[in-house]
Each structure stands twice: as structure tokens, then as C-alpha cells.
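# Commentary on secondary and tertiary structure
Here's the letter readout for the chains.
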Amino acid sequence: MSANFFSFKGRAYQDDMDVAELVSRYARGERNFHEINLNGVSLWKINLSEADLSGADLIGADLSQANLRGINLNSANLTGANLQGANLIDAKLILTTLRGANLERAELSKANFTKADLSWANLNEANLSAANLGEANLNGTKLSLVILRGANLKQAKVDLRNADIADLNLAWTIMPDGTIHK
């Protein structure tokens, strides 16, 4: 089955690619799945490291325990997606929508979330060491036992006043006001 394209609000999306074809193409070395439509599919434990899914529609997709190391998800829509326990080390998530997504226990070190929307997401027990969350929206985000060591939160929209700071590892974190927490 070959991928077809359709347009919605001026954006072209790949259509008609199922998970089996995605896995097959990835196994053959293809990495460009730009703007693919994988709305609601199960990609549990899939390996898509270094793939380009920028602009993809992954609303409600199950990517739990997936290997997404170095993946490009810039401008993708992962609203309500399940990324529990996923490996997103060095992932590119600039301008990505992750509203209400489950990132519990995800490995997010060195990920770039610049201007991403993580509102109402679950980041409990996630590792965000050295992650860039500059200008990201973290309003309503669950942050219990999160590791933020060396993360950049400069100009991020986050309210830590009600968070249990004792549960957070904030060493060397750049806070929203630009100060460094020691």
C-alpha cells in the first residue's frame, strides 16, 4: 500500500499508511514520515528512533514504551497521546502539542520542548534532565517526582507555587524568570 496525501487547512497529510507499512518502511531504512496521519493508532513498544514525524497527527496514539530517541516531532499533534515510559532522549518537540498527554516515567533528557504545549500533561516521574522547556506551556501539568536537573524553563508558563518542590530535582535548572536554581 502506498501512502496518499490529502490537504486540510493548507497542510498536506499522508493518508492510508497502517502500522505494518510504517514498521516495514522503517525496517528498510526509511525515516521520513513527515506529516503522517497516525491518529489513535497503537505503536506500543515501537522503535522509531531518529525518524522524522514532524507535523504528524498522533492524537490519542499509544506510544507507550516506544523507542523514540532522537525523533523529530516538531509541530506534531500528540494531544491525549500515551507516551508512558517512552524513550525520547534528544527528541525534537518544538511547537509540539502534547495537551493532556501521558508522559509518566518517560525518558526526556536533552529533549527540546521549546514553545511546546504540555498543558494538563502527566509528567510524573519523568526525567527532563537538560531538557529545553523554554517558552513551553506547562499550565496544569502534573510534575510529581520529576527530574529537572539542568533543564531550561526560561519563559515557560508553569506555576510551581503549589508543587511540592521537595519532590522535584531542580539542581542547575534555569527557572522561568531566568535565575538558576542551585
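Residues numbered from 1 in each chain as written. Predicted model: local features only at pLDDT ≥ 70, side-chain atom pairs only at ≥ 80, totals over all residues. Heavy atoms only, no water.

Before going further, it helps to examine the overall build of the protein. If you tally the helices and strands in the protein, you get 1 helix and 2 strands. In the protein, which comprises 182 residues, the proportion classed as buried is 48%. For the protein, long-range pairs separated by at least 24 residues make up 4% of all intrachain contacts whose partners lie at least 6 apart in sequence. Total accessible area on the protein stands at roughly 8600 Å², and carbon and sulfur atoms take up 48% of it. (Helix = DSSP H or I, 4+ residues; strand = E, 2+ residues; numbered from the N terminus. Buried < 20%, exposed > 50% of the residue type's maximum accessible area, 1.4 Å probe, protein only. Contact = heavy atoms within 4.5 Å. Areas by Shrake-Rupley, 256 points an atom, 1.4 Å probe, with all protein chains shown as cover.)

To continue, consider the packing of aromatic side chains. Per the stated rule, a full pass over the model turns up 0 aromatic pairs. Across the ring face of Tyr26, the terminal group of Arg31 is positioned such that the distance to the ring centre comes to 3.6 Å. (Phe/Tyr/Trp six-rings, centres within 6.5 Å; stacked < 30°, edge-to-face > 60°. Lys NZ or Arg CZ within 6 Å of the ring centre and 35° of its normal.)

So, about helix 1 (residues 19–27). Of the positions making up helix 1, those classed as buried are Glu21, Leu22, Arg25 and Tyr26. The buried residues of helix 1 occupy an angular sector of 130° when the element is viewed end-on, so they sit on one face. Across helix 1 from its buried face, at more than 90 degrees, point the exposed residues Ala20 and Ala27. Among the residues trailing helix 1, Gly29 stands out with phi positive, at a value near 105°. (Arc of directions from axis to C-beta.)

Its location among the elements puts Ala126 in the segment after helix 1. Residue classification places Ala126 among the buried residues on the basis of a relative accessible area of 0%. Distance from Ala126 to Leu143, taken between C-alpha atoms, is 8.2 Å for residues 17 residues apart in sequence. The contact partners of Ala126, leaving out residues within four places of it in the chain, are Leu103, Arg105, Ala106, Leu108, Leu145, Val146 and Ile147.

With that settled, consider the pattern of salt bridges. Counted by the stated rule, this structure contains 4 salt bridges. The partner of Glu21 in a salt bridge is Arg25, and the shortest N-O contact between them spans 3.0 Å. Note that Glu21 and Arg25 are positioned in helix 1 at a spacing of 4 residues, about one turn of the helix. Under the relative-accessibility criterion, Glu21 is labelled buried at 10%. Arg25 sits in the buried class, given a relative accessible area of 14%. Among the salt bridges present, the one from Glu104 reaches Arg105, with a minimum N-O distance of 3.6 Å. By relative accessible area, which is 17% here, Glu104 ends up buried. A relative accessible area of 46% means that Arg105 is categorised as partly exposed. (Salt bridge = Lys/Arg side-chain N within 4 Å of Asp/Glu carboxyl O.)

So, on to the nonpolar core. Within the largest apolar cluster, 52 residues are counted, with the highest numbers of intra-cluster contacts made by Leu53, Leu83, Leu88, Leu103, Leu108 and Phe113. Setting aside anything within four residues of it in sequence, one finds Leu83 in contact with Leu63, Ser64, Leu68, Leu78, Leu88, Leu98, Asn102, Leu103 and Ala106. (Core = buried A, V, L, I, M, F, W, Y, C linked by side-chain atoms within 4.5 Å.)

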